[in-house]
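# Observations on the three-dimensional arrangement
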Amino acid sequence: MASLFVRANITTILIGVLGYVVGSYVLLSAAGESEIVAPANFIYWLVVTASTVGYGDFSPVTPTGKVVVAAWVIPFGLSLFAMVIAKAGFAISEFVHRGKRGLRMTNLVNHTVIIGWNGTRTLRLIELLLSKTNGTTTEVVLCVEADIENPMPGKIDFVRVESFSHIESMQRAALADAARIIIDNPLDDVTLTTALFCDKHSPNSHTTAYFQDENVGELLRAHCPKIECIPSVAVELLAKSSLDPGSARLHRQLLDSTYGMTQYSVEYRGEQPLPFSALFEHFKKNLSATLIAVRRQGVVKIDVNPALTDQVSKGDMLYYISAKRLEERHCFDIRINEGDGASTCLPS
C-alpha cells in the first residue's frame, strides 16, 4: 500500500476517486438510503463523511446502509482523502523547492541575466542592479553551475545549469529575451566560452563580460565586437591611489548606485548636433548633473573631458555624474540662442 501511494499519479488518484464515488452511490442506493443519495445531498454528504467532519445532518437509517458506510465509505474515503491532501502538499512543496534549486523555467522578458557565482561579490552585484537610484526597473535572473540554492529568494529568479553552454539548461533563464547579460566567472576560459555562447543565442542583448586577463578580453572583442569586455583594474587603482590618495574610494563611489553621486550614461537622440558646452551647461544648471565624457557612435574610445566646442551628434553616448539616473525626456529639453537673439527648443 505504501508503494502504491508513492507511485500514485494524478490519473490514478482521479480513477480511484471516481470509483469510490460511483461505488458509494451504487451500494447506498441498493441499501435503500434514498435521502443520502438524493442529488442535492449525495456529494455534500460524501465529502463531509470522507473527510471525518461528520456534521450528522444525514446518516444511514437501514442496517445494510450502516454496513456499507462502516465497511466502504469511511475506510476508503479516509484513504483517498489523505492521499489527495498529501499529494497536493507534495506538489506545492516540489514547486517551491524546484524554484529554490533553480530547476524551474523562467518566463521573463527584458530582464538581466547574471551568469556565474562569486559569493559575496555576486550578491553585491545584484544589490547594485536592484538599487532604486538606477532608475531602471529590471528583474534579475542568477544563472550558476554551483550546487547552491537561490541566495535571494523573493528578490531574484534563480537557475542552476549543467553547463553555461548547455542549450536546454540555459533556456530556463530565458536568455534569448534578456535585455542585459552579465558574465562574471572566476575562470577566464569559462567566461570566454560563455560569452561566445551568449553572442550566438542572444545576439540582441547587451552583454558584458569580466576578465582578469585583459588579453583574453581582447581576443573575445576581436570575434564579438558588440560584447563589452570589462578588465580588472585592481593594479591601476593601486597605482593611482598611491600617487593621488583617495582615488580608489572616489572610483568606488562613482560606481556605487546605492550611495552618493554615481556615473550614468544616456544616448543623444536629437536630430540637430549640439556643442558640448550647451549640453554641459544644461546638465549642470537645470539637472544638477555633470557631463564628463562622450563616446562617438561606432567608436570604442571615450573622450573624457572633451572641449566645449566639440559637437555632439545623434547616436553619441554621453556620460554624466548625478545623484540618480535622469529621465531621458529631461536630458535634452534645451533652449539655445540663435543668431538674431531668438531661441529654439530642441526636441527630446
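Everything numeric in this text was worked out from a predicted model, so none of it was measured.

With five of its six residues buried, strand β5 (residues 206–211) lies for the most part within the structure. Considered for its hand, the β-α-β crossover made up of strand β4 (residues 180–183), helix α7 (residues 188–201) and β5 is right-handed. One ladder, built from four bridges, connects β5 with strand β6 (residues 228–231); its direction is parallel. Paired with F211 across the two strands is P231, which belongs to β6. For the crossover that starts at β5, traverses helix α8 (residues 214–223) and ends in the parallel β6, the hand is right-handed.

Let us look at the environment of F211. Counting through the fold element by element, F211 comes out in strand β5. Residue classification places F211 among the buried residues on the basis of a relative accessible area of 1%. Other than its neighbours up to four places away in sequence, F211 contacts D188, T191, L192, V216, G217, L220, C229, I230, P231 and S232.

Here the focus is the nonpolar core. Core analysis: the biggest nonpolar cluster contains 25 residues, and V113, I115, C143, M170, L175 and L220 have the highest contact counts within it. For this core, the leading source of residues is α7, giving four residues. Setting aside chain neighbours within four positions, we find L175 in contact with V113, I115, M170, I181, F197, C198, S202 and S205. Core analysis: the second largest hydrophobic core is formed by 18 residues, L274, L318, Y320 and L326 among them.

Attention shifts here to the packing of helix α2 (residues 10–30) against helix α3 (residues 42–50). The geometry of α2 relative to α3 is characterised by a closest axis approach of 12 Å and an angle of 110° between their N-to-C directions. By the angle between their axes, α2 is roughly perpendicular relative to α3. For the element pair α2 and α3, the recorded crossing hand is right-handed. Seen from α2, the contacting residues are Y20, V21, S24, Y25 and L28; seen from α3, they are F42, I43, W45, L46 and A50. Residues belonging to the contact of α2 with α3 are distributed by class as follows: nine nonpolar, one polar and no charged.

On to the packing of aromatic side chains. Here a ring pair, both rings aromatic, is described through the centre-centre distance and the interplanar angle of the planes. Scanning all chains against the criterion turns up nine aromatic pairs. Aromatic side chains F276 and F280 sit 6.1 Å apart centroid to centroid with 40° between the ring planes, which places their arrangement in the tilted category. Of this pair, F276 and F280 both sit in helix α11 (residues 276–287), four residues apart, roughly one helical turn. The class for F280 is partly exposed, based on a relative accessible area of 30%. Taken together, the ring pairs in this structure connect Y264, Y268, F283, Y320 and F332 into an aromatic cluster.

A word on the sheet that holds β4. The six strands are arranged β3-β2-β1-β4-β5-β6 in an open sheet whose pairing can be described as parallel. Two strands close off the open sheet at either side, each with one partner strand: β3 (157–160) and β6. Between one strand and the next, the sheet's axes are offset by a mean angle of 20°, whatever the strand orientation. Examined bridge by bridge, β4 and β5 share four bridges and lie parallel to one another. Bridge pairing in β5 links I181 to T207. Where helix α5 (residues 120–129) meets the sheet, its contacts fall on β1 (112–115), β2 (140–144), β4 and β5, and the angle it forms with β1 comes to roughly 170°. Along the sheet, α7 makes contact with β1, β4 and β5, crossing β5 at roughly 170°.

Rules used throughout
- Residues numbered from 1 in each chain as written.
- Predicted model: local features only at pLDDT ≥ 70, side-chain atom pairs only at ≥ 80, totals over all residues.
- Heavy atoms only, no water.
- Buried < 20%, exposed > 50% of the residue type's maximum accessible area, 1.4 Å probe, protein only.
- Helix = DSSP H or I, 4+ residues; strand = E, 2+ residues; numbered from the N terminus.
- Right-handed = clockwise from strand over helix to strand, strands pointing away.
- Pairing = 2+ DSSP bridges.
- Contact = heavy atoms within 4.5 Å.
- Core = buried A, V, L, I, M, F, W, Y, C linked by side-chain atoms within 4.5 Å.
- Axes fitted to C-alpha atoms, helices over the stretch in contact; angles between N-to-C directions.
- Parallel < 35°, antiparallel > 145°, perpendicular 65-115°, else oblique.
- Left-handed = near helix turned anticlockwise from the far one by under 90°.
- Nonpolar A, V, L, I, M, F, W, Y, C, P; charged D, E, K, R; others polar.
- Phe/Tyr/Trp six-rings, centres within 6.5 Å; stacked < 30°, edge-to-face > 60°.

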